[in-house]
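Overview (structure and organization)
Each chain is listed here by its residues.
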Amino acid sequence: TQLLEQSPQFLSIQEGENLTVYCNSSSVFSSLQWYRQEPGEGPVLLVTVVTGGEVKKLKRLTFQFGDARKDSSLHITAAQPGDTGLYLCAGRPSNDYKLSFGAGTTVTVRA
Amino acid sequence: DTAVSQTPKYLVTQMGNDKSIKCEQNLGHDTMYWYKQDSKKFLKIMFSYNNKELIINETVPNRFSPKSPDKAHLNLHINSLELGDSAVYFCASSLNREAAFFGQGTRLTVV
């Protein structure tokens, strides 16, 4: 059983459309992170959310942390082919060194 | 300068061999990790060291042995390699349980 459940597993959309990726858990996290991984590379940190209810924006990407600090979402507005990649959520339950990852969402944006 | 570097990037070896993967970080981080990414892209933590002390030791075969000579280095030695060990292995580091920075990965293929 995975600590973090990500959905959907795959997402294929046309350029200009919006998309949302979800990350859910039954555990409470001190913070959640989102990473993006491209083929042949390691995951790269996009954002860390730490406060329940927090919303962070990174250009066309919007990240939200649930009020209870058990879930998060990533929303991409007007997706572009450059947004194609594997998106991973990750988190540490409170007072834990272990950084666990969701299974990832493979996003493909078609031109 | 590369923040987290691991070598080699590719490793092809025969079953039964012993091999090592090296990792170095120049970020001044106090925690280092080894992750295994399988063919379905799931990142599973294997080990973690904090200030050279082993703090996470997940259920992995004891053929896998990490070694941390100092805070900036974490190596992974694998004995008696098996076909099922084929995967991409990522080294990562973090400071005070914050976001993890990943290396580029080592693609291990056992034939």
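The structure we're discussing is the one just above.
Anyway, here's the lowdown on the structure attached to this text. (Residues numbered from 1 in each chain as written. Chains lettered and ligands numbered in written order. Predicted model: local features only at pLDDT ≥ 70, side-chain atom pairs only at ≥ 80, totals over all residues. Heavy atoms only, no water.)

Applying the stated criterion across every chain yields a total of two disulfides over all chains. For A:Cys23, the disulfide goes to A:Cys89, at an S-S distance of 2.0 Å. Between A:Cys23 and A:Cys89 the sulfur-sulfur dihedral comes to about 75°; the bridge is accordingly right-handed. Taken together, the residues A:Cys23 in strand 3 (residues 19-24) and A:Cys89 in strand 9 (residues 85-93) connect sequence positions 66 residues apart. There is a disulfide in this structure between B:Cys23 and B:Cys91, and the S-S distance comes to 1.8 Å. Between B:Cys23 and B:Cys91, the S-S dihedral sits near -75°, and the bridge is therefore left-handed. Of this pair, B:Cys23 sits in strand 3 (residues 19-25) while B:Cys91 sits in strand 9 (residues 87-94), and the two are 68 residues apart along the sequence. For the pair shown, B:Cys23 and B:Cys91 are each scored as buried. (Disulfide = S-S within 2.5 Å. Helix = DSSP H or I, 4+ residues; strand = E, 2+ residues; numbered from the N terminus. Buried < 20%, exposed > 50% of the residue type's maximum accessible area, 1.4 Å probe, protein only.)

Below, the discussion takes up the nonpolar core. One broad trend across soluble globular proteins is that nonpolar side chains are buried collectively. Ranked by internal contacts, the top residues of the largest apolar core, which has 20 residues, are A:Leu19, A:Trp34, A:Phe63, A:Leu74 and A:Ile76. Within the second largest apolar cluster, 19 residues are counted, among which are B:Leu11, B:Trp34, B:Leu76 and B:Tyr89. (Core = buried A, V, L, I, M, F, W, Y, C linked by side-chain atoms within 4.5 Å.)

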